[in-house]
Amino acid sequence: MQASQHAGHAGHHEDDSHGHGPTGLMRWITTTNHKDIGTMYLWFSFAMFLVGGAMSLIIRAELLSPGLQYVSPEFYNQMLTLHALIMVFGAIMPAFVGFANWMIPMMIGAPDMAFARMNNWSFWLLPPAAILLTASLFVPGGAAGTGWTLYPPLSIQMGMGMDMAIFAVHILGMSSIMGSINIITTVLNMRTPGMTLMKMPLFCWTWLVTAFLLIASMPILAGAVTMLLTDRHFGTSFFNAAGGGDPVLFQHIFWFFGHPEVYIIALPAFGVVSHVIPAFSRKHLFGYTSMVYAIAAIGLISFFVWAHHMYVTGIPLTGQLYFMYATMLIAIPTGVKVFNWVTTMWRGSLSFETPMLFALGFLVLFTIGGLTGLVLAMTAVDIQLQDTYYVVAHFHYVMVAGALFSAYAGLYYWLPKWTGHMYHEGLGKLHFWLSMIFFNIAFFPQHFLGLAGMPRRIPDYAQQFADFNMISTWGSFGFGFSQLLVLVVVFKAMKGGVKAEARPWDGARGLEWTVPSPAPHHTFEDPPPFDPAEAHG
Amino acid sequence: MARNLNKNHDVSRLRRRSAGLLMAGLLGMFAGVANAAWEISLQEPVTALARRVYDLHTLLTWVIGVIFVGVFAVVAYSLVFHRKSKGHKAADFHDNTTVEIAWTIVPTLILIAIAFPATTTLVQMRDTSQPDLTIKATGYQWKWGYEYVTGDAAGVKYMSVLSTPRDQIENKAPKGEHYLLEVDRPMVVPVGKKVRMLLTASDVIHTWSVPAFAVKADAVPGFLRDTWFRAEKEGTYRGQCSELCGKDHGFMPVVVEVVSAEKYAAWVADQKKAMAAVSDDPAKVWKLDELVARGEKVYTANCAACHQPAGQGLPPAFPALDGSKIVKGPKAAHIDMVVKGKPGTAMAAFGAQLSDTDIAAVVAYERNAWTNKLGELIQPAEVKALRGK
């Protein structure tokens, strides 16, 4: 629909390029093409990934040895806050929106996203938000130093950097909601005839559920930070006991957003992996139907477990028990997904190109993160581990190894379709192995630090934590610098290399592989015939 | 951290070590390291409850370890034998209802099984009834205040501040054994008694935590929370603030000294005597130099972390006092700022923390230190009069 309007003239077919649109910078500013917008999302998220990564290296450098070496405690707090906000809202979420933009229309045989102009707007909201966040470092008082959770009353004490973070969150939320509306409408209305919901690629399913989670949870975060804003400047007392409010109220609201947010990040990652593993196992995905139900179940339960982030805040015993049981419940659909992936590989015909390696890395590390999550779900044990490095290790296994590794699996998997060239397999494998090894050196020892009692978010620590911290820091530097390899791989594939066929992976299924590589600027102006052989279910 | 060795607990130590080894075995990197600095499990528990938590964690670690090994044994088999490079042809199956039901039900049963010990431990953890003594801990940016509410020491009240010298933190001096985990005045409790902790905070949320007791609870300003422990072994146990509370979050440790009943009685007697001796005569008229000397001590303990020893502050969050408009302005406004603080900033209200004499002393010090040579004297009686307003 939108694409035909864009091309504007009869006689243009799939192979025409963007023809009469503006060129140069204006092409990118005014584009309504889902592939252009997807590309911008991906580059933006990689840029933010480097900024957030540099901040994490400042944090790890300070933690190399006991004592204060490089930064002041205030600046350290600002770094850990911005690192988290930038990685969550600037890097991981936009990366998967980028994948959604590029791939969902091509997977369902649609010409573009349903609301192509809104799509442009939801991307171009991101740079101002990113500028607000990073520029807050340079205003008087610096950036917010509260951690990404922005708990009051500490966040009430902050300078104007806090207000900038609040507005950044508002803008990012608007962007996410628009993107979600777009994805839901596209997925529900624009599938090619014959592709029923239960024959739809799993990546589209994960994004459909994710988009609902975003629409339900982002307004809640926006509300929470707006209440902070009025507490800070307009004399309200939502979170101030002296005025009849309650600081813990903020935590309830924040985590009612914050827990679904975890799955907003994880579900699209599950989707990518559910494409890559079958492709390189040369088999159908095992248990497609149960995968769909598991995704829906995880999405639903994620709204009912928020206070497991708040076991030590003084919630009543009955509350602790309820949230413990509800949290344990999530292990069941998550387990189903892992078992399905494992069974998909069983008696397959496996090969180990870079996308498969990253998917396997995801599987191993995400499972570790999920299992330590089960330990943390037990309230009595969590009392010992809450706010220690065990939690830091746990969520980096879920976020970095879960979301980032799966994003890399998707990047290597679809890069031939995007650029028309095969990436350099040797460099890809090197990137995987360096990431896998250094990631574990950086984060596995943090489990031990947390068990021994090292709190998170401290710039300096007691001597008995020194050895593991040193290992962790060297690991993080190795991990950080290994990520620059991605740039090399992507630039090489953009410039040239072995020509990619329409379907470069012999086991890959899906409509996206029926169009040439690189994918023409406009695809599926007419709905393609749906071939059940391409279906995932 | 407080790794009070008890060589008698060989059996439980062995069990604990085995849990740690399992963790290490997951990666195969650190197996066999047992040096104190390489601790790979929870701290040595010293309460019955902490031991239950320890054992629960060990159990869980085994459960997740076995699940992990089981799942990835299957994966490893596929990776080795179902390779394309070995000519393995892909089978064509994509559903199996029996298997799918089985792997939904079996995890459910495992979860129900571990829910039992998890529930009973938690119920016990929350039972704060019938304590032998009650202590209220108040979190301040960045120190803990302790007030004995019931028991022999009722009425004893003091601040507990990090005692690690600045030089060690700034790497100008070698770090001591308890670097960052030492305070000027620890909390003291008798061994074997049930201690109920009441928690609150004066400014932002802090968390009071002692891993050896399996105790961690938020101190929320404006609210009281409670938790409890019964320490079974004398010794010094150390923890840290566990909720980000601003600049010096990493520098407000919790130190608890568990002593015998006799030592505790002696300590209580000392405290009561000291309280009687220290209480100043509020009507005393002070001379400038003795007041400034006392004010410097108060300043170092309460103000220097933010406003800095030389009064230059850390602008803009923590303004300079040297040359400050408020310090060089009228006395009343200056005293008011110290007593009431500045809402919405890190400037706390010190009215409840400091006596009239201490407030008079610190205000006098600030007005006469650095370049603020006002030569002014403030008497405790003036503070008292202003407080009344």
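Each value, and the rule that gives it
- Residues numbered from 1 in each chain as written.
- Chains lettered and ligands numbered in written order.
- Predicted model: local features only at pLDDT ≥ 70, side-chain atom pairs only at ≥ 80, totals over all residues.
- Heavy atoms only, no water.
- Helix = DSSP H or I, 4+ residues; strand = E, 2+ residues; numbered from the N terminus.
- Rg over C-alpha atoms; globule rule 2.2 N^0.38 Å.
- Buried < 20%, exposed > 50% of the residue type's maximum accessible area, 1.4 Å probe, protein only.
- Areas by Shrake-Rupley, 256 points an atom, 1.4 Å probe, with all protein chains shown as cover.
- Axes fitted to C-alpha atoms, helices over the stretch in contact; angles between N-to-C directions.
- Parallel < 35°, antiparallel > 145°, perpendicular 65-115°, else oblique.
- Left-handed = near helix turned anticlockwise from the far one by under 90°.
- Contact = heavy atoms within 4.5 Å.
- Nonpolar A, V, L, I, M, F, W, Y, C, P; charged D, E, K, R; others polar.
- Phe/Tyr/Trp six-rings, centres within 6.5 Å; stacked < 30°, edge-to-face > 60°.
- Lys NZ or Arg CZ within 6 Å of the ring centre and 35° of its normal.
- Pairing = 2+ DSSP bridges.
- Core = buried A, V, L, I, M, F, W, Y, C linked by side-chain atoms within 4.5 Å.
- Domains from an automatic or database assignment.
- Salt bridge = Lys/Arg side-chain N within 4 Å of Asp/Glu carboxyl O.
- Buried area = accessible area lost by both parts, 1.4 Å probe.
- Expected span 1.5 Å × (residues − 1).
- Lys, Arg positive; Asp, Glu negative; His and termini not counted.
- Polar contact = N/O pair within 3.5 Å; in protein donor to acceptor, adjacent residues only side chain to side chain.
- pLDDT = per-residue confidence, 0-100.

S.K.: What is the right way to look at the overall build of chain A in this model?
M.R.: When you go through chain A residue by residue, the secondary structure sums to 18 helices and zero strands. In terms of C-alpha radius of gyration, chain A reaches 23 Å, essentially the compact-globule figure of 24 Å for 537 residues. With the C-alpha coordinates of chain A rotated into their principal frame, the extents come out at 70 × 50 × 45 Å. Within chain A, buried positions represent 71% of all 537 residues. When the accessible area of chain A is evaluated, it comes to approximately 16000 Å², of which 72% is carbon and sulfur surface.

S.K.: Whenever I open this one, the overall build of chain B confuses me. Can you help?
M.R.: Of the regular secondary structure elements, chain B holds 11 helices and 10 strands. For chain B, buried positions account for 50% of its 389 residues. Here chain B displays about 17400 Å² of accessible surface, and carbon together with sulfur accounts for 60% of that area.

S.K.: Mind showing me how you'd approach the packing of helix H5 (residues 116-124) of chain A against helix H8 (residues 160-189) of chain A here?
M.R.: Packed helices, taken two at a time, are described by the angle their axes make and the gap between the axes. Residues and elements named next belong to chain A. Running from N to C, H5 and H8 point in directions that differ by 150 degrees, and their axes come no closer than 8 Å. By the criterion of interaxial angle, the relationship of H5 to H8 is roughly antiparallel. Relative to H8, H5 is oriented so that their crossing is left-handed. Contacts between H5 and H8 involve Met 118, Asn 119, Trp 121 and Ser 122 from the first element and Ser 175, Met 178, Gly 179, Ile 181 and Asn 182 from the second. Across the contact of H5 with H8, the residue classes tally to four nonpolar, five polar and no charged.

S.K.: Please clarify how the packing of aromatic side chains should be interpreted in this entry.
M.R.: The geometry of an aromatic ring pair comes down to the distance between the two centres and the angle between the two planes. Under the criterion given, the structure shown has 67 aromatic pairs over all chains. Centre to centre, the rings of Tyr 151 of chain A and Phe 250 of chain A are 6.4 Å apart; their planes meet at 80 degrees, and the pair counts as edge-to-face. Here the residue Tyr 151 of chain A occupies a position in the loop between helix H6 (126-135) and helix H7 (154-157), and Phe 250 of chain A occupies one in helix H10 (residues 247-281), the gap between them amounting to 99 residues. Residue Tyr 151 of chain A is classed as buried on the basis of its relative accessible area, which comes to 9%. Over the ring of Trp 28 of chain A we find Arg 27 of chain A; its NZ or CZ atom is 4.3 Å from the centre of that ring. Across from the ring centre of Tyr 158 of chain B, 4.2 Å away, lies the NZ or CZ of Arg 185 of chain B, which sits over that ring.

S.K.: Help me understand the sheet that holds strand E8 (residues 225-229) of chain B, please; the structure alone is not making it clear to me.
M.R.: Residues and elements named next belong to chain B. Taken in spatial order, the five strands line up as E3-E2-E1-E5-E8 in an open sheet, and their pairing is mixed. Of all strands in the sheet, those bounded by a partner on one side alone are strand E3 (157-160) and E8. Recorded for the sheet is a direction-independent mean angle of 25 degrees between the axes of neighbouring strands. The sheet contact formed by strand E5 (residues 195-201) and E8 spans five bridges and is antiparallel.

S.K.: It is not clear to me how the pairing of strand E9 (residues 235-240) of chain B should be interpreted in this structure. Could you clarify?
M.R.: Moving residue by residue along a regular strand, the side chains alternate between the two faces of the sheet. Residue and element names in this part refer to chain B. A large share of E9 lies buried, amounting to five of its six residues. Pairing between E9 and strand E10 (residues 253-259): six bridges, direction antiparallel. Bridging across to E10, Gly 235 finds its partner in Val 258.

S.K.: What should I look at first to understand the sheet that holds strand E4 (residues 187-190) of chain B in this one?
M.R.: All names here are of chain B. Within the open sheet, the three strands sit side by side as E4-E10-E9. Their pairing is mixed. A strand with exactly one partner marks an edge of an open sheet, and here the two such strands are E4 and E9. Geometrically, the sheet is characterised by an average inter-axis angle of 25 degrees between neighbouring strands, direction not taken into account.

S.K.: Could you clarify how one ought to interpret the nonpolar core in this entry?
M.R.: As a rule of thumb, nonpolar side chains are buried together in soluble globular proteins. In terms of nonpolar packing, the biggest core is built from 281 residues, with Tyr 148, Met 187, Trp 208, Phe 213 and Phe 229 of chain B touching the most fellow members. For this core, the element with the highest residue contribution is helix H4 (residues 73-108) of chain A, accounting for 23 residues. Among the domains, domain 1 (2-125) and domain 2 (133-278) of chain B are the pair contributing at least three residues each to this core. Among residues more than four places away in sequence, those in contact with Tyr 148 of chain B are Leu 133, Thr 134, Ile 135, Ala 153, Ala 154, Gly 155, Val 156, Tyr 158, Met 187, Val 188, Tyr 264 and Trp 267 of chain B.

S.K.: Help me out: how do you make sense of the pattern of salt bridges in this one?
M.R.: Once the charged atoms of two side chains with opposite charge are near each other, the side chains can pair. Residues and elements named next belong to chain B. Per the stated rule, a full pass over the model turns up 14 salt bridges over all chains. Arg 51 is the salt-bridge partner of Glu 232, the closest N and O atoms lying 2.6 Å from each other. Here Arg 51 lies in helix H2 (residues 48-81) and Glu 232 lies in the loop between E8 and E9, a separation of 181 residues in the sequence. Arg 51 sits in the partly exposed class, given a relative accessible area of 24%. Note that Lys 340 and Asp 336 form a salt bridge whose closest N and O atoms lie 3.1 Å from each other.

S.K.: Would you mind going over the domain arrangement of chain B with me for this structure?
M.R.: Residue and element names in this part refer to chain B. According to the domain assignment, chain B consists of domain 1 (2-125), domain 2 (133-278) and domain 3 (288-387). Here domain 2 and domain 3 have C-alpha centroids that lie 26 Å from each other. Of the residues lining the interface, seven residues belong to domain 2; the matching set on domain 3 comes to nine residues. Summed over both sides, the interface of domain 2 with domain 3 buries roughly 650 Å², with 54% coming from carbon and sulfur. Contact with domain 3 buries area across many residues of domain 2, yet Trp 142, Lys 143 and Lys 247 alone supply 52% of it, more than any other trio.

S.K.: Hey, could you run me through H8 of chain A in this one?
M.R.: Residues three or four positions apart in an α-helix share a direction because the helix packs 3.6 residues into each turn. Across its 30 residues, H8 of chain A extends 44 Å between first and last C-alpha, which sits within 8% of the 44 Å expected from 1.5 Å per residue. Within H8 of chain A, 23 of the 30 residues are buried, which leaves the element mostly enclosed by the surrounding structure.

S.K.: Could you clarify how one ought to interpret the side chain of Glu 182 of chain B in this entry?
M.R.: All names here are of chain B. Locating Glu 182 in the fold gives a position in the loop between helix H4 (166-169) and E4. Buried charge Glu 182 goes without a salt bridge, the closest partner of opposite sign being Arg 238 at 5.8 Å. Reaching out from Glu 182, the side chain makes a polar contact with the side chain of Thr 164 at a distance of 2.7 Å. Filtering out sequence-adjacent residues up to four positions away, Glu 182 remains in contact with Val 161, Leu 162, Ser 163, Thr 164, Gln 168, Arg 238, Pro 253 and Val 255.

S.K.: Honestly, the confidence of the model for chain A in this entry has me stumped. Any pointers?
M.R.: Low pLDDT marks regions whose predicted coordinates should not be analysed in detail. Considering every residue of chain A, the mean pLDDT works out to 93; 96% of them sit at 70 or more. Here residues 1-18 of chain A scores under 50 on pLDDT; set against residues more than four positions off or in separate chains, the count is 32 contacts.

S.K.: I would appreciate a short explanation of the packing of helix H12 (residues 317-345) of chain A against H2 of chain B in the present structure.
M.R.: Close contact between H12 of chain A and H2 of chain B brings their axes to 9 Å; oriented N to C, the two are set at 20 degrees. Taken together, the axis directions place H12 of chain A and H2 of chain B in an arrangement best described as roughly parallel. In this structure, H12 of chain A crosses over H2 of chain B, and the sense of that crossing is left-handed. Across the interface between the two elements, Val 338, Phe 339, Val 342 and Met 345 of chain A from H12 of chain A touch Val 71, Val 74, Val 75, Ser 78 and Leu 79 of chain B from H2 of chain B. Considering only residue class, the contact of H12 of chain A with H2 of chain B consists of eight nonpolar, one polar and no charged.

S.K.: Help me out: how do you make sense of the confidence of the model for chain B in this one?
M.R.: Residues and elements named next belong to chain B. In this model, chain B carries an average pLDDT of 86, and 89% of its residues clear a pLDDT of 70 or more. Note on residues 1-11: pLDDT is under 50 here. Beyond four places in sequence and across chains, it has 25 contacts. Per-residue pLDDT stays below 50 along residues 26-36; that stretch engages in 17 contacts with residues further than four places along the chain or on separate chains.

S.K.: I tried to follow the side chain of Asn 77 of chain A on my own but got confused; where do I start?
M.R.: For Asn 77 of chain A, the position within the fold is in helix H4. Note on Asn 77 of chain A: relative accessible area 3%, which makes it buried. Look past the residues within four positions of Asn 77 of chain A in its chain and what remains in contact with it is Ala 144, Gly 145 and Arg 457 of chain A together with Leu 244, Gly 246 and Lys 247 of chain B.

S.K.: Would you mind showing me how to read the interface of chain A and chain B here?
M.R.: In many analyses, interface size is given as the accessible surface area lost on bringing the parts together. With 103 residues of chain A at the interface, the matching set in chain B holds 97 residues. Buried surface at the junction of chain A and chain B, both sides included, amounts to about 8600 Å², of which 70% is carbon and sulfur. Of all residues in chain A, Gln 157, Gln 384 and Leu 451 of chain A bury the most surface against chain B, accounting for 8% of the area lost on that side. Seen at the junction of chain A and chain B, the total is one salt bridge. Joining chain A to chain B, the criterion identifies 26 residue pairs in polar contact (both at pLDDT 80 or more). For the side of chain A that touches chain B, the elements supplying multiple residues, two or more each, are H4, H7, H10, H12, helix H13 (354-377), helix H14 (379-385), helix H16 (425-452) and helix H17 (466-482) of chain A. For the side of chain A that touches chain B, the element with the most residues is H12 of chain A, which contributes 15 residues.

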